[in-house]
Structure formats: structure tokens, C-alpha cells
Amino acid sequence: MSTTHLLRMSQFYAPTLKEDPVDAEIASHRLLIRAAMMRKVASGIYSFLPLGFLALKKLEQIVREEMCAIGSQEMQMSIIQPADLWHESGRWDDYGPELFRLNDRHENTFALAPTHEELITSLIRNELRSYKELPKSLFHITNKYRDEIRPRFGLLRGREFIMKDAYDFHASKESLQQGYDDMANAYGRICERLGLTYYPVEADSGQIGGKVTTEFMALADVGEAELAYCGCGYAANTEVAQANIQPQVFKAGELEKLHTPIEGSIAALAEFLGIPTKATVKALAIKEPSGALSVLFIPGDHELGELKADKALPGFDFLTDEEMQDSGLVKGFMGPVGLPQGVRVIADVSLKDTAHWVTGANEPDYHFAAAAPGRDFDVDLWLDLATAQPGDLCPTCGKPLQLARGIEVGQVFQLGTKYSESMGASFMAEDGSEKPFLMGCYGWGVTRSLAAVVEQYNDENGIIWPISVAPAEVAVLPLALGDELVEPASLRIAQELIAAGIETVIDDRDERAGVKFNDADLIGWPYQIVVGKRGLEAGEVELKDRRSGQKQQIPLTEIVSQVRAVVEDARQAYR
Ligand code: ATP
Ligand code: MG
């Protein structure tokens, strides 16, 4: 429990605000500021005020408990790290401008840690020596620093933020898989204890490296990530989702040239021909760093997945209008039949079974209908290129996929030997040989998930904290301070709740009832006990449930026991 003594609003530093901060575009950012949880220091950098700190510490404690429950050990690594470590892994250069760099007075160079793979690997590499000591799992909860190109949305994308990061070291693939599965299960439990609606999704491993990875996405319309999911349990970030796309055939038969004097867009073409966009094929001209030119073909109603394309064709770029012209490509009318010599045809796998395409004729104002791969042209390379859309079919069960937006609150990775090899971290295996450790790394956004909770739990009046992260569980609101009945009764209730182990705050400020009600809802205390003069005279107080808005009159003699029961139930629900 984070509060074992009575919190008195009269003594608390909690400057709530009536107005929304001008730079806050989303609910969590707005409400965390207005409810006096935090204040901005600089772009993407925040200080936590006492109320926000209480919530943050409760959230952290949940993360800590779930890490300890799977045998990970807490430690604390430094944030300032010698540049040499980052040179060893190769990330000094790879990380780019997101890495905060600094020099000391002796001109030694350091980084502010955006993550801790390098440091943990260097910590264990000479001291964790034998397979007999494996596996080992370590974690810490500290500030991270990333000079994000677009810090925004308050805690969702900060430049200074708090992360729980865990790392584990294994002797075998099976052991690594076990560690990874345990961690993924722990992340699921954290989500549940925070009350988050979430999906674990297949994802790209990005900057960190490695192959097997899952992102934990808290659903929210403001989320920067998009996920495709299905009732069968399949869920993937649309950056990587392998949707089964079903293009439509306009007409079969011989290759037929159509006069299409239009403004070269897919929508215009579809309208002109009176067919759906999914019966057309979109063409995009690209160049690779080698100088090779290609045209990518994807179903007309889909977008190119740039991450998918970049993984398959590293460093590719779109051709400019000028470059297209110079290479003999006709913008808006490109097609696979009759491309200039040397230009490759690369097509999305979904078009493999599409026997007849509507495509450009490589001639201004002309398209082909029924262009058939294998008959009229050859495809040099089939790739998964298109981004999933609603209605595409689930690659696992074949039912239509749905799309949602999400906030990535955590990610688990199997790194394999990426860091142990580059940084020379090995152990003695059972057969006596030296082997690089197999590693996993597991990040959880502590501050980001706090904001994700607020994104999912708010209304027009403020935050609706799930009890597991609420700064306190119950607020007592005495409506007539100084009244000979109200004040002592309120204090007695509050103190009895505290004695019963319930986190309790009393709004003993000399303020009007309206101010107390508004602040209580804005701050989002899960349960509010309203103590008024008239009620007391009838021997009653009011209990309000912030989430449902429901109010009940409860006899004074029963309020403590009833609140205990309600709080106990709520705690169980988030356990
Ligand atoms: P993103 O793709 O959102 O930039 P990431 O994949 O780079 O995040 P990781 O390196 O996987 O992030 O970091 C682990 C966790 O740390 C993320 O899942 C997220 O919850 C949190 N996190 C990452 N970047 C930020 C940030 N700028 N502000 C707040 N939390 C962050
Ligand atoms: Mg990530």
C-alpha cells in the first residue's frame, strides 16, 4: 500500500486546473495536468506532483511484483553510460540523433541511456561464467532518455520517461523461450492488474535486433500503432501483419488496351471504369541503393507497408517525377507489361492468384485490362508489401480481420546472441566449450502505461482511476467544514478506513461543496464518501462510485464496513 496514513487535501500540494493546457491534444495529457498529477518541464519532459507520484508508485509496484513473481531480480543500473560501450555494440552510430550524448570535463563521451542492453551485457560478461549459473534474469526501473523527433501526447512519447527493463541470460534456446514466455505472461498480468484492454501482437523487432518479439498494445484511438486482430486470437501490428488480401478480378480473357484519359489516380481510374478500387492494381516506382529500378504492384485498394518494403528492399526510395521521366516511366500509367528494359516487376503476394490485372499500359492515357501474370508479363519478385485493412482475411483462421489503434505499453524480445557476440559475453557450456549467452530483453513503459490507463479510464469530468493505480482508494468529502457534526464524523470515518488498511484521503480544505465534488471527480478517486449536515442528522452519508456514478445513502454505522467490502471486491478484480 502506498498510503498508510491519512492524506489531508488541506496539506497536500495538488493545484488542480480548470482550464485545459493549450498544448495538450489528448485526454491523458490534459487530465494528468489538470488533475495536478504532473507538470511539464520541457518538451517531452515532466515532473510528477504528489498525486501523480502516488499513482506512479502503485503502477511501478505492480510491475515490480510481476517481475519478482517470475524470478527476475531487481537492481539499478546507471543512466550515464560510457560511449565506448555503445561503440562496442555498434549502436553509437546506429542509434542516430535519438541518443542523448554528453561530454565530461575531461572530454570523455557518454550517452544518457535510452535502454540498457550494452550496460547489462558488460556487467555480466566477466562474472557470469558457467552454464550452472544460468538462466539469470535481472530488471530495473529507471529513467530512460530518447531525443524523440516528435515528443508528444504528454507521457505517451516523452524524451525522459520511466521504463522497466529486464534482461535474461540463457544457455539454450529452450531456456530462452521459457524466459520469454514467462515474461509475456507477466506482461499480460500487468495489463490485467492495470485494468487495460490490450492485445499482445506480432511485431517488428526494429532497432533492438533479434527476431522473436511481441508488443503489448493498450487499445486507444490516440495510439500511434495500428493493429490487425481477429476473434481467433491472431493479432499483429499492421506494420508486419500478414493479412490475406482478396483482390477482385475486373474481367478475364485476352489482354485488352483501354483508353483511360484520367488524372492518373487509382480512385479516378476505378470511377472511370466503374469498378471498385480492389479490382485495380497500384504501381509505385522505386530505386534501391544499388541503383536498381523497380515498380512495386499492390492491390489498388491497399497501401504500401513501408516497413515491410524497407525490410525486403533495404534503403529503397520512391522515384521523383523527374527520375520517372528520365527512366521512361509514365507516372499514373505504369504497368508490368512493356516496362523499360531493366526495370524489375515486384508484386504483392496477394496478386499471385489474381489471374487478370487492371494495370497501366506504360503509355499516357492507356491501361490494360486482363493483364495476366505468366502470360503477358513475368513477376521478378513476390513480396508481402501491402498493409492490412479491415475485411482482409486472418492468416490463421481466414475470417475477416478488424483494425484498431493501440498504445505500445511493452515489448518482449528474444535477442539471441546479438549483444553477447558483439560484446564478447560468453559462458562455459556443459560440454566445456565457450558459448555466447542467449539473451532476452523486455521493456515496459511505466510512465506510458500510466497515461494509457488514463486514456482508457476517463470521462468529461476527469480521470476514473482503476483502484489498482488510484493515488488513494477512497476520498472522504466533508461538506460543511467546522460543523460540529460533519467534521468529527468525517475524520472518524477516514481514520477508521486508514486503520482498516484502506488508502484514504480527506478533503478538509475550506472550500465549497462544488469545488470538492469537481476536484474529486477530476482527480478520479474511485470511491467518494460525501458527509453532509442534513444526511448526518438522518444518520446517513453518501457513497459515490466514480466509475458508475452511482450514489447510495448508507447508515453512518455501516459506512466503514460497507466501504471495506466494496474496496476489497475492487482490489480482487484488479489482482
Ligand atoms: P516506440 O515504437 O513507441 O517508439 P519503442 O519500440 O522504441 O517504442 P522500446 O525500445 O521497445 O520502445 O521500449 C520499451 C517500452 O518503453 C515501450 O514499449 C514503451 O512502452 C516505452 N517507451 C518507448 N519510448 C518511449 C517514449 N518516448 N516515451 C514513453 N515511453 C516510451
Ligand atoms: Mg518497442
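A quick note: this is a predicted structure, and the numbers were derived from the prediction, not measured.

Conventions adopted
Residues numbered from 1 in each chain as written. Chains lettered and ligands numbered in written order. Predicted model: local features only at pLDDT ≥ 70, side-chain atom pairs only at ≥ 80, totals over all residues. Heavy atoms only, no water. Donors = N, O, S within 2.8 Å, 3.2 Å for Na, K, Ca; no water. Buried < 20%, exposed > 50% of the residue type's maximum accessible area, 1.4 Å probe, protein only. Near = heavy atom within 4 Å. Polar contact = N/O pair within 3.5 Å; in protein donor to acceptor, adjacent residues only side chain to side chain. Areas by Shrake-Rupley, 256 points an atom, 1.4 Å probe, with all protein chains shown as cover. Helix = DSSP H or I, 4+ residues; strand = E, 2+ residues; numbered from the N terminus. Nonpolar A, V, L, I, M, F, W, Y, C, P; charged D, E, K, R; others polar. Pairing = 2+ DSSP bridges. Axes fitted to C-alpha atoms, helices over the stretch in contact; angles between N-to-C directions. Expected span 1.5 Å × (residues − 1). Core = buried A, V, L, I, M, F, W, Y, C linked by side-chain atoms within 4.5 Å. Contact = heavy atoms within 4.5 Å. Phe/Tyr/Trp six-rings, centres within 6.5 Å; stacked < 30°, edge-to-face > 60°. Lys NZ or Arg CZ within 6 Å of the ring centre and 35° of its normal. Parallel < 35°, antiparallel > 145°, perpendicular 65-115°, else oblique. Left-handed = near helix turned anticlockwise from the far one by under 90°.

Draft legend 1. Looking closely at the coordination of the magnesium ion (ligand 2). The protein atoms that coordinate the magnesium ion (ligand 2) are E408 (OE) and Q411 (OE1), at distances of 1.9 to 2.3 Å. With relative accessibility at 25%, the residue E408 sits in the partly exposed group. Residue classification places Q411 among the buried residues on the basis of a relative accessible area of 10%.

Draft legend 2. Spotlight on the site of ligand 1. The environment of ligand 1 is formed by 15 residues, the closest being R146, E148, R157, G158 and E408. Between ligand 1 and G445 there is a distance of 3.3 Å, counted from an oxygen atom to a backbone nitrogen or oxygen. Protein chains bury 84% of the 580 Å² of accessible surface belonging to ligand 1 in isolation. Of all the secondary-structure elements, those providing two or more residues to the shell around ligand 1 are β9 (160-170), β22 (402-416) and β25 (438-445). Of the residues contributing to the shell around ligand 1, the split by class is five nonpolar, five polar and five charged.

Draft legend 3. Quick peek at the sheet that holds strand β20 (residues 366-371). Reading across the sheet, the three strands line up as β14-β20-β19 and stay open at both edges, with antiparallel pairing between neighbours. Sheet topology places β14 (256-259) and β19 (357-360) at the edges, where each strand pairs with a single neighbour. In this sheet, neighbouring strand axes are inclined to one another by 30 degrees on average, regardless of whether the strands run parallel or antiparallel. The sheet contact formed by β19 and β20 spans three bridges and is antiparallel. The residue of β20 that forms the bridge with W357 is A371.

Draft legend 4. Broad picture of helix α2 (residues 50-69). A rise of 1.5 Å per residue sets the reference length of α2, with its 20 residues, at 28 Å; its end C-alpha atoms lie 28 Å apart and thus fit the reference within 8%. Of all the positions in α2, only L51, G52, L54, A55, L56, K58, L59, E60, I62, V63, E66 and M67 are classed as buried. The positive-phi residue at the C-terminal boundary of α2 is G71, with phi of around 85 degrees.

Draft legend 5. Geometry of the nonpolar core. Within the largest apolar cluster, 94 residues are counted, with the highest numbers of intra-cluster contacts made by W444, W465 and I529. Residues in contact with W444, not counting those within four places in the same chain, are L59, V63, I162, M163, K164, Y187, I190, C191, L194, V409, G410 and S449. Counting residues in hydrophobic clusters, the runner-up holds 26 residues, among them L99, A111, I124 and Y419.

Draft legend 6. Region of interest: the sheet that holds strand β31 (residues 540-545). One open sheet holds the six strands; their spatial order is β1-β29-β28-β30-β31-β32, and the pairing between them is mixed. Only two strands of the sheet have a single partner each, and these edge strands are β1 (7-8) and β32 (551-555). Pairing of strand β28 (residues 474-478) with strand β29 (residues 504-506) involves three bridges; the strand directions are parallel. Each bridged residue has a counterpart across the sheet, and for A475 the counterpart in β29 is V505. Set on the sheet, helix α12 (residues 486-499) makes contact with β1, β28, β29, β30 (527-531) and β31; between it and β28 the angle comes to about 170 degrees. Seen against the sheet, helix α13 (residues 513-523) touches β28, β30 and β31 and runs at an angle of roughly 170 degrees to β28.

Draft legend 7. Local environment of the packing of aromatic side chains. Evaluation of the coordinates by the stated rule reveals 10 aromatic pairs. The structure contains a cluster of three or more aromatic residues connected by ring pairs, namely Y187, Y198, F216 and W444. The ring of F153 has R152 lying over it, and the distance from NZ or CZ to the ring centre is 4.2 Å. Sitting above the plane of the Y366 ring, K257 keeps its charged end 5.4 Å from the centroid.

Draft legend 8. Structural view of the packing of α12 against helix α15 (residues 559-573). Orientation of α12 relative to α15, taken along the N-to-C sense of each, is 40 degrees, at an axis distance of 10 Å. When the axes of α12 and α15 are compared, the pair comes out oblique. Where α12 crosses over α15, the two elements pack in a sense that is right-handed. Along its contact with α12, which presents I493, E496 and L497, the element α15 presents I559, V560 and V563. Among the residues making up the contact of α12 with α15, the classes are represented as five nonpolar, no polar and one charged.

Draft legend 9. Up close: the side chain of E288. Turning to its location among the elements, E288 is positioned in the loop between β15 (281-287) and β16 (293-299). Among the polar contacts listed, one links the side chain of E288 to the side chain of R344, at a separation of 2.6 Å.

Draft legend 10. The arrangement of the environment of Y457 in detail. Residue placement: Y457 occurs in the loop between α11 (446-456) and β26 (458-459). With relative accessibility at 13%, the residue Y457 sits in the buried group. In this view, Y457 contacts L194, G195, I463, I464, P466, R547 and Y574; residues no more than four positions away in its chain are not counted. A polar contact of 2.4 Å, which involves the side chain of Y457, links it to the backbone oxygen of G195.

Draft legend 11. Up close: the pairing of β25. The buried fraction of β25 is high, at eight of eight residues. What you see with β25 is no split at all: L438, G440, Y442 and W444 on one side and M439, C441, G443 and G445 on the other are buried throughout. Pairing analysis gives six bridges linking β22 to β25, with the strands arranged antiparallel. Note on β25: the bridge partner recorded for F413 is C441.

Draft legend 12. Main features of the packing of α2 against α11. The N-to-C vectors of α2 and α11 enclose an angle of 110 degrees; their axes lie 10 Å apart at closest approach. Classed by the angle they form, the pair α2 and α11 counts as roughly perpendicular. Where α2 crosses over α11, the two elements pack in a sense that is right-handed. Counted together, A55, L56, L59 and E60 of α2 and V446, T447, S449 and L450 of α11 form the full contact between these two elements. Residues of the contact of α2 with α11, tallied by class, amount to five nonpolar, two polar and one charged.

Purely spatial values, then, with no claim about function.
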